[in-house]
Amino acid sequence: MGLTSFLAIVVSLAVVQSAVIPNREGLEPCQVEYSQLVGNLVASEGTGAVSTLWRLVFNKLDLNGDSKVGAAELVINLETANILARSDTEAAYSSVRDLIRVGSNHESKDLDESEFKDTVGATLGRSSSAIEPPYTYLCEYVTMEAREIITSFQNFTRNAVNIKEDLRDLLQESKSPEQALKNIWEGIFKSIDVDGDEEVSLQDITHLHHQYINQNDDGLKVELTAIFQVSSKNDKSSEELSMTTEEFYSNIKSLLYDTDNFIDEIATITQLKGWSSLSQILASSIGDFKSKYQQSLECKHDYEDELIKYLAADKSFSSEYLFTIFDSKKDGVLDYSEISHAVTSTMQLETEFSFSIVAQHQINSFNVDEFSFYLPDRVVDTVTTSNESKLELSRLSTNQQETWNIFCHSVKSIISQFPLNLVVKAEEGDEDVVDISQSIDVIINSSEEDLVVLPDITRLYQKVKEIMDKQEKETTTAAAEDVPTTETIEEEEEEETTPPPTVETTTPLLTTMEMIEDEETTTIEQPAVSEEETTQQQLDTTETSTVVADVITTVGDVIMSTTREEEVESELADLVKSIISDMKEGKEVPASEEKEAEADAEKIAQVDEKEGGEIERELQQLFKMEKN
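Residues numbered from 1 in each chain as written. Predicted model: local features only at pLDDT ≥ 70, side-chain atom pairs only at ≥ 80, totals over all residues. Heavy atoms only, no water.

1. With respect to helix H15 (residues 336-347)
Under the convention used in this document: Each helix corresponds to a stretch of at least 4 residues labelled H or I by DSSP, and each strand to a stretch of at least 2 residues labelled E; elements are numbered beginning at the N terminus. Expected helix span is given by 1.5 Å per residue-to-residue step, counting one fewer step than there are residues. Only protein chains enter the calculation, and the probe is 1.4 Å; a residue is then buried if its accessible area is under 20% of its type maximum, exposed if over 50%, and partly exposed in between. Contacts between residues were defined by any pair of non-hydrogen atoms, one from each residue, lying within 4.5 Å.
In this model H15 runs 17 Å from its N-terminal to its C-terminal C-alpha over twelve residues, within 8% of the 16 Å that 1.5 Å per residue would give. Those residues of H15 that sit buried are Glu 338, Ile 339, Ser 340, Ala 342, Val 343 and Thr 344. Each element contacted by the buried residues of H15 is listed here: helix H14 (318-326), strand S5 (334-335), strand S6 (365-366), helix H17 (368-372) and helix H18 (398-416). One or two steps after H15, the chain reaches Gln 348, where phi turns positive at roughly 55°.

2. Re the environment of Thr 346
To keep it simple, the criterion reads: In protein, a polar contact requires one atom able to donate a hydrogen and another able to accept it; more generally it is a pair of N or O atoms within 3.5 Å, and residues adjacent in sequence count only if both atoms are side-chain atoms.
For Thr 346, the location among the structural elements is in helix H15. Setting aside residues up to four positions removed in sequence, Thr 346 forms contacts with Ser 410, Ser 413 and Ile 414. Polar contacts involving the side chain of Thr 346 include one to the main-chain carbonyl oxygen of Ala 342, which spans 2.7 Å.

3. Here we look at unusual backbone geometry
Non-glycine residue Glu 198 carries a positive phi angle of around 70°. Secondary-structure assignment places Glu 198 in the loop between helix H8 (177-192) and strand S3 (200-201). If you check the backbone angles, Gln 348 has positive phi at about 55° while not being a glycine. In this structure, Gln 348 sits in the loop between H15 and helix H16 (356-359).

4. Thoughts on the pattern of salt bridges
Here is the rule: For this document, the term salt bridge refers to a Lys or Arg side-chain nitrogen within 4 Å of an Asp or Glu carboxyl oxygen.
Across all of its chains, the model carries 13 salt bridges by this definition. A salt bridge links Arg 147 to Glu 33, with the shortest nitrogen-to-oxygen separation between them at 2.6 Å. With Arg 147 in helix H7 (residues 133-170) and Glu 33 in helix H2 (residues 27-45), this pair connects stretches of sequence that are 114 residues apart. For Lys 273, the salt bridge identified is with Glu 223, shortest N-O distance 3.9 Å. Residue Lys 273 is located in helix H13 (residues 269-310), and its partner Glu 223 is located in helix H10 (residues 220-231); the two are separated by 50 residues in the primary sequence. Shared partners join several salt bridges into a network, and the residues in it are Glu 148, Glu 223 and Lys 273.

5. Here we look at the confidence of the model for the protein
Cut-off, in case you're wondering: Confidence scores here are pLDDT values: one per residue, from the predictor, ranging 0 to 100.
Averaged over the protein, the pLDDT score is 75; the fraction of residues at 70 or greater is 64%. Long-range and interchain partners of residues 1-19, a stretch whose pLDDT sits below 50, account for 28 contacts in this model, where long-range means more than four residues apart. Within the model, the stretch residues 423-436 combines pLDDT values under 50 with 16 contacts to residues more than four positions away or in other chains.

6. Things to note about the packing of helix H9 (residues 202-212) against H10
For clarity, the cut-off: To get an axis, a line is fitted to the C-alpha atoms, and for a helix only the part in contact is used. The angle between two axes follows their N-to-C directions and goes from 0 to 180 degrees. Angle categories are assigned with fixed cut-offs, so that under 35 degrees is roughly parallel, over 145 is roughly antiparallel, 65 to 115 is roughly perpendicular, and the rest are oblique. Note on convention: near helix rotated counterclockwise from far helix by under a right angle means a left-handed crossing. Clockwise means right-handed. All residues other than Ala, Val, Leu, Ile, Met, Phe, Trp, Tyr, Cys, Pro, Asp, Glu, Lys and Arg, Gly among them, are scored as polar; the first ten of these are nonpolar and the last four charged.
Where H9 meets H10, the closest approach of the two axes is 11 Å, and the angle between their N-to-C directions is 140°. Considering their axes alone, H9 and H10 lie oblique with respect to each other. H10 is crossed by H9, and the crossing has right-handed handedness. The residues of H10 that touch H9, namely those facing Leu 202, Ile 205, Thr 206 and His 209, are Leu 220, Lys 221, Leu 224, Thr 225 and Phe 228. Taken together, the residues of the contact of H9 with H10 break down into five nonpolar, three polar and one charged.

7. Some thoughts on H2
Our working definition: In this description, the arc belongs to the directions extending from the helix axis to the C-beta atoms.
End to end, H2 covers 27 Å across 19 residues, agreeing with the expected 27 Å (1.5 Å per residue, within 8%). All of the buried residues in H2 are Leu 27, Cys 30, Gln 31, Tyr 34, Leu 37, Val 38 and Leu 41. Along the axis of H2, the buried residues cluster in a sector spanning 130°; they form a single face. Turned more than 90 degrees away from the buried face of H2 sit Glu 28, Pro 29, Gln 36 and Ala 43, all of them exposed.

8. With respect to the packing of H9 against H13
Interaxial distance between H9 and H13 falls to 10 Å at its minimum, and their mutual angle equals 65°. Judged on the interaxial angle alone, H13 and H9 are roughly perpendicular. As for the relative orientation of H9 and H13, their crossing is left-handed in sense. On H13, the residues touching Ile 205, Leu 208, His 209, Gln 211 and Tyr 212 of H9 are Leu 278, Ile 281, Ser 284, Ser 285 and Asp 288. Within the contact of H9 with H13, the residues separate by chemical class into five nonpolar, four polar and one charged.

9. Notes on the state of the cysteines
Here is the rule: Defined by distance alone, a disulfide is two cysteine sulfur atoms within 2.5 Å.
Using the criterion set out here, one finds two disulfides in the structure. Disulfide pairing places Cys 30 opposite Cys 139 at an S-S distance of 2.2 Å. Its S-S torsion of about -115° marks the bond between Cys 30 and Cys 139 as left-handed, since a negative value means left-handed. Of this pair, Cys 30 sits in helix H2 while Cys 139 sits in helix H7, and the two are 109 residues apart along the sequence. Cys 139 matches Cys 30 in its accessibility class, with the two residues each being buried. Across a sulfur-sulfur distance of 2.1 Å, Cys 299 and Cys 408 are joined as a disulfide pair. A torsion of -105° about the S-S bond marks the disulfide between Cys 299 and Cys 408 as left-handed. Highlighted residues: Cys 299 in helix H13 and Cys 408 in helix H18, separated in sequence by 109 residues. Disulfide partners in the protein, listed by the sequence order of the bonded cysteines, are 1-2, 3-4.

10. A short note on the packing of aromatic side chains
Cut-off, in case you're wondering: Only the six-membered ring of Trp is used, alongside the rings of Phe and Tyr, when aromatic pairs are assigned; centres must lie within 6.5 Å, and planes under 30 degrees apart are stacked while those over 60 apart are edge-to-face, with the rest tilted.
Inspection of the entire model under this criterion finds 20 aromatic pairs. Where Phe 262 meets Trp 275, the ring centres are 4.8 Å apart and the plane angle is 75°; that geometry is what we call edge-to-face. Of this pair, Phe 262 sits in helix H12 (residues 259-264) while Trp 275 sits in helix H13; the two residues are 13 residues apart in sequence, bridging distant segments of the chain. Trp 275 carries the same exposure label as Phe 262, and that label is buried. Within the aromatic cluster, the residues linked to one another by ring pairs are Phe 323, Phe 326, Phe 353, Phe 355, Phe 366, Phe 371, Phe 373, Tyr 374 and Phe 407.

Right, dumping it as structure tokens:
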């Protein structure tokens, strides 16, 4: 409704002296619905929520924001809500004005919040026959608004509970919960900060709403704008509204752990609906983060099991082995396209794999140490000491978790195929066939450290041994048929006393197999490392640590002044403390429940003792029957 129409209605209503407003049917059903709604609200949110309901309804009726509601404002709201027909506005104005004069403590033309609640709220509980016509319209209006308020209230509370439960689940096995929580919230913030500008904007939340809730965002922009305007200190336009990192953490802490005061600060129904929508988006985002994070941890543990299963004591060889598999160009350097191609091929993806952690840093190439930084046995959920330079899964965004998880499954799959994927294939026409000679060369040229006794290698050895035993048996049989003469035996004895000439020969496949067999009972000695080599290794490690430190500095890392950094840390620290405190409180058991548990345990013990006696008697009876 435009300003001109609004003024016209006010003027026309002001000149009305007296009129009769038509009564409305259905007042009693409206009263019943209102009572049920309020009852449900009290049951789920407590009695304080009823005061919030009336405050929000009053604020919506207060069109000019003077903390009072007049007859004109009431009538205009009733008409805007399509409860009052335009033709009935003049008659309604007269009746509502009389109602206000009766309800006002100062016989003024307006009602404040307390007077409005007492006048309208108390009347809705009376017998319908004793209620004058204006209340029929107001009952319908209040009930209509109460539906939306209560729905938003309950959604808000349910989402807050779900978020807390997800946070508890994420910390179940954490050895350092406070550090883990800081990391997790960094990961959650990066997941919500879709465009990576270090702020949560209106566009970010709208994008997540489309992703997790639905594509229909009717009214969403208005609702979110209302909360961003009061939650953010910046003076940007509605299109550019956003919350900084510290503002985001502060609001989340209040939303989750100071809910009563947080709700008291909500001034309008639009703001309540906005926070309800935002809490639902947050709950969905955090739930997705939890799922992806747990999948990453599960893959990490599975990969470590595969290393023990297939590489055993030589699992340190895995990074060099995987690097060689990924390095399709065989130039000793691994670039992004080779990683992408290897993962896409191994996982049989329909589209080319994009490793978001690497892509966001625009890293073009890796050496073995830089590549191994991302391997599942090298990453951790949370670092336990400040000097560790490792990739922390808990700090990754949802998208980064998802792509790392695909990478993890690809390297796990490659490890589980060891050493079959050492077999060299040669193209022959349109088919891939195994080149046996090259495959044997691969095994012969492998070092002792690489040729650990594994199921596949053992089967290969057994197969070769069977063939050679068979050949030896056939040779022995043939020799037995040809009985040697005395002269032949004497010649052979002479040959044995003469030392054979030294001849250098290539190690046959049998020697390799025997070497594998010996490894079952012989520990391979590691070569001694000289002082110079140790020094060089330390230098290499230092250089690698520097590179790794550069790698883990994400694009989303906040570059800010010392003051702002302290503000962010302070808000995050407060949020973490609140969560830890809430978790501790959640573990306390009331004394009454403890007594009930003890009583139940005593009853169970008595039942067990009774059942035990019956079983004993049955067994004795059974033994007697057997003897008879």
